[in-house]
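Chain by chain, the residues run as shown.
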Amino acid sequence: MSPRPLLPLVAALALTLTVACGSNPPPVARPTAPPPDSSSGSPTSTPTGSAGAGSDAGTAPTSTAVPSPPPTPTMSSDAISNDPLVNESTEAINQHSPLQPVFFALDSDQLDDVARHTIEDDAQVLKKYASWVITIEGHCDERGTAEYNLALGERRALAVKAYLQSLGLSADRFRTVSYGKEFPFDPGHAEASWAKNRRAHLMVTSK
Amino acid sequence: MMSKASSVIGLMTASTLVFAAPTLTRAARITSTPLQAQGQVQGTPTQPQQPQPPQQQTQLTLSLSGSGSHPRLAIPAFIGAGADGDLIAAAKTVADVLWDDLDFEQEFDLVSKDAAARVPVAQTVETQAYDRWQDLGADALVVASIQRAPTGFTIDVKLVGIRGADRQQQKFGQSYKGCVLTNARACAHFISDDMHLKIRGLDGVAQTHLAFTSDRDAQRLAGRSLSAQGQSKEIYISDYDGGNQYRVTANQSLNLGSSWAPDGRTLAYTSWINGYEDIYVSNIFQARPPFRPAAGDSHKQNQFSSWSPDGTKLAFASDRDGGWDIYVVNSDGTNLHNITNSHREGIINNTPTWSPSGTQIAFTSDRGGTNQIYIMGVDGTGLDKLTSDASSTDRPTWSPAPFNTIAYAAGPGPGHDIVLIDVTTRKTIVLTDQIGDNESPAFAPNGRHVAFRTSRYGKDQIAIVSNTGKIQRKVTDLGNNTSPSWARTPR
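Predicted, not measured: the structure shown is a model, and the values here were computed from it. (Residues numbered from 1 in each chain as written. Chains lettered and ligands numbered in written order. Predicted model: local features only at pLDDT ≥ 70, side-chain atom pairs only at ≥ 80, totals over all residues.)

### Here's the deal with the packing of helix 3 (residues 85-104) of chain B against helix 6 (residues 184-200) of chain B
Between two packed helices, what matters for the description is the angle formed by their axes and the separation of those axes.
Residues and elements named next belong to chain B.
(1) Moving on: Where helix 3 meets helix 6, the axes come as close as 8 Å, and the angle between the chain directions of the two elements is 40°. Our classification of the angle between helix 3 and helix 6 gives oblique. As helix 3 packs across helix 6, the resulting crossing turns out to be right-handed. Here Ala-90, Thr-93, Val-94, Val-97, Leu-98, Asp-101 and Leu-102 of helix 3 come into contact with helix 6, specifically with Ala-184, Arg-185, Cys-187, Ala-188, His-189, Ile-191, Ser-192 and Met-195.
(2) Moving on: Counted by class, the contact of helix 3 with helix 6 contains 10 nonpolar, three polar and two charged residues. (Axes fitted to C-alpha atoms, helices over the stretch in contact; angles between N-to-C directions. Helix = DSSP H or I, 4+ residues; strand = E, 2+ residues; numbered from the N terminus. Parallel < 35°, antiparallel > 145°, perpendicular 65-115°, else oblique. Left-handed = near helix turned anticlockwise from the far one by under 90°. Contact = placed C-beta atoms within 7 Å. Nonpolar A, V, L, I, M, F, W, Y, C, P; charged D, E, K, R; others polar.)

### A few points about unusual backbone geometry
Residues and elements named next belong to chain B.
(1) Moving on: Cis geometry marks the peptide bond from Ala-401 to Pro-402; its omega dihedral reads 5°.
(2) Moving on: Inspection of the secondary structure puts Pro-402 in the loop between strand 20 (393-398) and strand 21 (405-410).
(3) Moving on: In this model, Gln-106 sits at a positive phi of 60°, which is unusual for a non-glycine residue.
(4) Moving on: Tracing the chain through its elements places Gln-106 in the loop between helix 3 and strand 2 (109-110).
(5) Moving on: Overall, Gln-106 belongs to the partly exposed group, with 15 C-beta atoms counted inside 10 Å. (Buried ≥ 20, exposed ≤ 12 C-beta atoms within 10 Å, placed from the backbone.)

### What to know about the sheet that holds strand 21 of chain B
Residue and element names in this part refer to chain B.
(1) Moving on: One open sheet accounts for four strands, arranged 20-21-22-23; its pairing is antiparallel. What marks the edges here is a single partner per strand, and that holds for strand 20 and strand 23 (428-430). In this sheet, adjacent strand axes meet at a mean angle of 25° when their direction is disregarded.
(2) Moving on: The pairing of strand 21 with strand 22 (residues 417-422) spans six bridges and is classified as antiparallel. When the bridges of strand 22 are listed, Ile-406 appears paired with Ile-421. (Pairing = 2+ DSSP bridges.)

### Structural notes on the confidence of the model for chain B
All names here are of chain B.
(1) Moving on: Confidence in the prediction for chain B averages 84 pLDDT; 84% of positions are at 70 or higher.
(2) Moving on: Across chain B, the element-wise mean pLDDT spans from 29 in helix 2 (residues 21-43) up to 98 in strand 18 (residues 372-377).
(3) Moving on: In the predicted structure, residues 1-67 sits below a pLDDT of 50 and forms 97 contacts with residues beyond four places in sequence or in another chain.
(4) Moving on: In the predicted complex, the global pTM is 0.79; the interface-specific ipTM is 0.77. (pLDDT = per-residue confidence, 0-100.)

### Comments concerning the nonpolar core
(1) Moving on: Formed by 104 residues in total, the largest nonpolar core has its most connected members in Val160(A), Ala268(B), Val450(B) and Ala451(B).
(2) Moving on: For this core, the element with the highest residue contribution is helix 6 (residues 146-166) of chain A, accounting for 12 residues.
(3) Moving on: Those residues within four positions of Val160(A) in sequence are excluded, and the remaining contacts are Val102(A), Ile119(A), Ile136(A) and Ala200(A).
(4) Moving on: Judged by nonpolar contacts, the second largest core, of 44 residues, contains Phe108(B), Ile155(B), Ala184(B) and Ile191(B). (Core = buried A, V, L, I, M, F, W, Y, C linked by C-beta atoms within 7 Å.)

Written out as structure tokens, the structure is:
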């Protein structure tokens, strides 16, 4: 853990506490300000079990189809209280989630470069919304048996959780669950569909 | 073969049941109870179903098991319905289903329905077109008559010879009382099991049930993002042939991995209803909330339970100690213990199944790299690697006794096939034929068939293959259907 974010964090806390006194009802916790750009580089530590993306690297699709995170709020009370995500239900948030899915290669729970970048972006969102509790869902494509895929999906969820922990997020905020190949995102029967279905989703379960 | 079959029928002559008063009395006692119980289930499915007394095999002299031959039977249109529309319809259903039931076990060689339909209909035993049936190769005729009864209808079945001195000779006669118009199929299933038992010495499965998972009534799961679509999958049960399908869970979540308890009334299954996978045990005829013997939570997930043959214990997979291990727990939730003891995150032991004697458990493990099947004593000793396939194997299902085989899914992909391995000799046969993806085998209670999930019909469906590899039946049609389990009782 770097001490760098501490100063703005304290400032943001003081600011939000002041705001909270004048607004009702206050949420349990307020979002903290994002760290400055200079602190959002790739971390040097990697979680155990995710070393090397193997020859399947690059097969995961880009995440461009997923809604991009909301505009970064500025350090003002107005901006924070106007953040739609603060007042939305978890269901509504999950409908247009700022948390991007993480994609995997065939029969793999390894995180490639694209996957790690995605998780790093998600970690920034989760640092901002520090009260969110997340269920990480592991999913698989239709190849492989239903039973095996439940196990593989669990591994994928655990790999994402481990990397989020390595980025400084508390393990208490995450639960993992596997849905195997039961809930494909794309019902097709070719690689283009399969690639979208080998994924982990970060679902907001409470806030 | 034909003369052999005739001699088999001839053997039966010595112990022919005369269709007379004592037989009728006995048949009424045997048949009325189970069929009335079936009617209760149909009419008021929420009422508890009383366990059925096991059928006593009192006519061992009729057993022809071990003869190795297959008498050729013909089933003419049932007689006696007259102009009674309901009775005509019931007679048609029973004749049709009885043909399918008798064909299923391959103990009888049957004259096809089409060929039988071209033979003139006769209203008495004496006036049957025996020469025509003989030309069709039949050894015996199933002459059945139907009558109205106070609560439904009665069917009298006589098996009569066709050839030579056997012509018009009765080989078998039973009266089946207690049939109900609302479930004529159940009447046929009862008759089929009775005929298989008394004529061939075989425990038939026509009165058993399947459980499986289906998305036919899928509802969108709440609280999910557009990129994480999920549709509910519930558990359904049906007759063994796919008749009378109905839903038994309604929790709008994911439910799979059904496992019938030996009592034929209790189902264990894996459900995500609380957001994590856990084992639920439910009596499908009672409206009580399901019991959770492994008491999971989001950090102690449990899946793929399997009942011990005596119904006192469940084996299942759980990650409660870090890695995925195989556990055994009493059905009341006591004495939960880890039998594989890997305790290693990253190792996955999964899908346990009990040996017929209840002393061993087969399961999958990827401890050696790929997913393979292992056998271990219930006490955790005697680890034995059963499969060493080039590609992974999955979902072992141990046969009932007297067989000692394990069915599993295997294949280099993209599809899988159902394979049988003899546990003693380790010889394998592939039951399915490389068409589509074939997974999740479940043995019939007499070990002669395997139900499985297949994509061969486009969508995922439950189908049944004989233990010699002949595809017999497609059981489901509506939606996608997966994860079958075959009840061991009631018969």
